[in-house]
Amino acid sequence: MTTDTSAAAERAFYYPNKIGRIILLATEEVMGRNGVNAVLNLAKLRHLVNNYPPNNFDRQFRFEDVSGIQHALEEMYGPRGARGLALRAGRACFKYGIKEFGPVLGISDLAFRLLPIGMKMKVGIEVLAEMFNKFTDQVVRLGEEEECFIWMIERCPVCWQRHASEPCCYLAVGVLQESAYWVSGGKNFAIEETTCIAKGDAACTILISKRPLD
Ligand SMILES: [Zn+2]
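Residues numbered from 1 in each chain as written. Predicted model: local features only at pLDDT ≥ 70, side-chain atom pairs only at ≥ 80, totals over all residues. Heavy atoms only, no water.

A. Spotlight on the coordination of the zinc ion. The coordination sphere of the zinc ion contains the protein donors Cys156 (SG), Cys159 (SG), Cys169 (SG) and Cys204 (SG), at a distance range of 2.2 to 2.4 Å. Each of the four donor atoms around the zinc ion contributes to a set of angles spanning 98 to 118°, which defines the coordination as tetrahedral. Of note, the zinc ion draws all its donor residues from one chain, in the sequence arrangement C-x2-C-x9-C-x34-C. Residue Cys159 is located in the loop between β4 (148-155) and α6 (170-183), and its partner Cys204 is located in strand β6 (residues 204-212); the two are separated by 45 residues in the primary sequence. Comparing Cys159 with Cys204 shows no difference in burial state: the two are buried. (Donors = N, O, S within 2.8 Å, 3.2 Å for Na, K, Ca; no water. Tetrahedral: all angles 85-135°; square planar, octahedral: opposite > 155°, others 65-115°. Helix = DSSP H or I, 4+ residues; strand = E, 2+ residues; numbered from the N terminus. Buried < 20%, exposed > 50% of the residue type's maximum accessible area, 1.4 Å probe, protein only.)

This is how it looks when you write it as C-alpha cells:
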C-alpha cells in the first residue's frame, strides 16, 4: 500500500442529494428554470438540466458542482450581479432547508420558539452547524466574540477549488442571513465573509453580528 498525496488531494466531498436539490430549487426561484438551465450548461453540468437530484440523504452532490454553479453565475452576470443572485439563492435555500431539516433538528419546536432572542440566535447557529457537520462533508466550526458569532467553514463547497481576490461564498452568507432573520422573528443582521479559502485563507470565515440592524 502506498500513500498517494495527489490521490488524497483529489478525494471527493459531497453534499447529500437533498441539499443539491435545494440549491437548484432555490436558484430556480431566483432566476427561473431557463436561467438555471443556462447556468448548468455553462458549468458543464448538463446531466442536471431538468433532472434535479432526488430528495434523499445520499451524499452524491459533489462540492465542485456547488462551486461550479457559483462560478458560472459569476461568468454570466459579473461579480456584482452574481453576488446579488447568490445571496438571494442562499436565502431561498434556507426556506427550503427549514422545511426539510426543521423537524429533524427540533428548531420548529415550541421550546425553541420560546427562548429569548440572544439564546435563540446562539442555539439556531449551533443547530445549523450541526446539520452541516452531520449530514454533509462540509466542516463548520463555531466561535464567538462579544459583538458577533463566528461561522468558520473549514471545508467549503461554495468556493471549492475556486480562486478569487475577494471572499466569494455569498451562497453561504445568504443562508446565514435568512437563518438569522427566521430565528429572530424578522430582524436583519450585518453578516460578512472576512476570510475565504478561494483567496488563500485557511478557512472561510463569516461574522454574524449579534445586534440587529433595525
Ligand atoms: Zn468558501
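B. Molecular detail of a nonpolar patch on the surface. Together, Leu42, Met76 and Tyr77 make up a nonpolar patch on the protein surface, roughly 250 Å² of accessible area in all. Within the fold, Tyr77 resides in helix α3 (residues 63-105). (Patch = residues over 30% accessible without salt bridge, like charges linked within 9 Å, V, L, I, M, F, W, Y side chains within 5 Å. Areas by Shrake-Rupley, 256 points an atom, 1.4 Å probe, with all protein chains shown as cover. Salt bridge = Lys/Arg side-chain N within 4 Å of Asp/Glu carboxyl O.)

C. Representation of the pattern of salt bridges in the model. Inspection of every chain in the model, using the stated rule, returns 13 salt bridges. Put simply, Arg33 and Glu28 hold a salt bridge, and the shortest N to O gap is 2.8 Å. Owing to a relative accessible area of 22%, Glu28 belongs among the partly exposed residues under this scheme. Put simply, Arg162 and Glu74 hold a salt bridge, and the shortest N to O gap is 3.0 Å. One end of the pair, Arg162, is in the loop between β4 and α6; the other, Glu74, is in helix α3, and 88 residues separate them in sequence. One salt-bridge network, held together by shared partners, links Lys122, Glu126, Glu144 and Lys210.

D. Spotlight on the side chain of Lys120. By the secondary structure assignment, Lys120 is in helix α5 (residues 117-135). Relative accessible area serves as the criterion here: at 14%, Lys120 is assigned to the buried category. Those residues within four positions of Lys120 in sequence are excluded, and the remaining contacts are Phe112, Arg113, Leu115 and Val183. (Contact = heavy atoms within 4.5 Å.)

E. Inspection of the packing of α3 against α6 at higher detail. Relative to each other, α3 and α6 sit at 30°, their axes nearing to 7 Å. Regarding the angle of α3 to α6, the classification is roughly parallel. Like other packed secondary-structure pairs, α3 and α6 cross with a definite hand, here right-handed. Along the contact surface, α3 presents Val66, Gln70, Arg83, Ala86, Leu87, Ala89, Gly90, Arg91, Cys93, Phe94, Lys95 and Ile98, while α6 presents Tyr170, Leu171, Val173, Gly174, Val175, Gln177, Glu178, Ser179, Tyr181 and Trp182. Its residues placed into classes, the contact of α3 with α6 shows 13 nonpolar, five polar and four charged. (Axes fitted to C-alpha atoms, helices over the stretch in contact; angles between N-to-C directions. Parallel < 35°, antiparallel > 145°, perpendicular 65-115°, else oblique. Left-handed = near helix turned anticlockwise from the far one by under 90°. Nonpolar A, V, L, I, M, F, W, Y, C, P; charged D, E, K, R; others polar.)

F. A look at the environment of Gln161. For Gln161, the position within the fold is in the loop between β4 and α6. Put simply, Gln161 and Phe63 are 98 residues apart on the chain and 9.0 Å apart in space, counted from C-alpha to C-alpha.

G. Spotlight on the side chain of Asp65. Position of Asp65 relative to the elements: it lies in helix α3. Engagement of the side chain of Asp65 in a polar contact is seen with the side chain of Arg62, the distance being 2.8 Å. (Polar contact = N/O pair within 3.5 Å; in protein donor to acceptor, adjacent residues only side chain to side chain.)

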